[in-house]
Amino acid sequence: ARPSGPGLGATLVVVLVALGLLLANGRPVGTPDASGAAGWLLRGATALASLALELDATGAALVGKGLAALLAALAAGALFGAVVRRHGAGEGRWAGLLLALGTTLAAAAQAWSGEAAATCAVAGAVLLLVRSEEEGEAGPAVVAGLPLGLAVALQPSTVALALVLVG
């Protein structure tokens, strides 16, 4: 029997640990890339932050880093949830934290780009696909197409990965 999915508390711990480590990893590098669909997310986050604070170039870079780190941490949480359903909590924790800290996602979380957002969308799709297989229902697998489409819109280079997952 496969383990059931993780609880909200365990997933939240993985997300918060990954977020804390990603945010503590230096200052934002470069200027935020606000082009394409990924730029909409950044402009929205910057607009929300500017309601509370007066943002200069450094503040905008910090908003970009914070958003990228949050999306990378959410991707780690989604992968954690998918792996726990297949292999248990021990391997799930390692998979989630290694995704966030041991891949290029850690570098992508240091400044805004579409990579962290696209990775989050792909990880969400993987979680839905694992849920669909586990529950024997097609519904979550069909819904997985939405985050995959979002991933391609955010980072067009993810089209090959999306095609593999759809197949």
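Above this text you will find the structure in question.
Because the structure is a prediction, the values reported are computed rather than measured. (Residues numbered from 1 in each chain as written. Predicted model: local features only at pLDDT ≥ 70, side-chain atom pairs only at ≥ 80, totals over all residues. Heavy atoms only, no water.)

Q: Got a sec to walk through the nonpolar core? Specific residues and values, please.
A: Judged by nonpolar contacts, the single largest core of 39 residues is most densely connected at Leu22, Leu71, Ala75, Leu105, Trp112 and Leu154. Residue assignment for this core shows that the elements contributing at least two residues are helix H1 (8–24), helix H2 (36–52), helix H3 (57–87), helix H4 (89–101), helix H5 (104–108), helix H6 (114–135) and helix H8 (145–154). Counting residues per element, this core draws most heavily on H3, at ten residues. (Core = buried A, V, L, I, M, F, W, Y, C linked by side-chain atoms within 4.5 Å. Buried < 20%, exposed > 50% of the residue type's maximum accessible area, 1.4 Å probe, protein only. Helix = DSSP H or I, 4+ residues; strand = E, 2+ residues; numbered from the N terminus.)

Q: So what's going on with the packing of H1 against H4? Which residues, and what values?
A: In the contact formed by H1 and H4, the axes pass within 10 Å of each other and the chain directions differ by 25°. Classified by the angle between their axes, H1 and H4 sit roughly parallel to one another. Of the two possible hands of crossing, H1 and H4 adopt the one that is right-handed. Of H4, the residues touching H1 (which contributes Val14, Val17, Ala18, Leu21 and Leu22) are Arg93, Leu97, Ala100 and Leu101. Class assignment for the residues of the contact of H1 with H4 results in eight nonpolar, no polar and one charged. (Axes fitted to C-alpha atoms, helices over the stretch in contact; angles between N-to-C directions. Parallel < 35°, antiparallel > 145°, perpendicular 65-115°, else oblique. Left-handed = near helix turned anticlockwise from the far one by under 90°. Contact = heavy atoms within 4.5 Å. Nonpolar A, V, L, I, M, F, W, Y, C, P; charged D, E, K, R; others polar.)

Q: An account of the packing of H6 against H8 is requested, with residue identities and associated values reported.
A: Look at H6 against H8: their axes get within 8 Å of each other, and the N-to-C directions meet at 165°. With respect to H8, the axis of H6 lies roughly antiparallel. Handedness of the H6/H8 crossing: left-handed. Taking contact as the criterion, the partners of Gly114, Ala117, Ala118, Ala121, Val122, Ala125 and Leu128 in H6 are, on H8, Pro147, Leu148, Leu150, Ala151 and Leu154. For the contact of H6 with H8, the class distribution of residues is eleven nonpolar, one polar and no charged.

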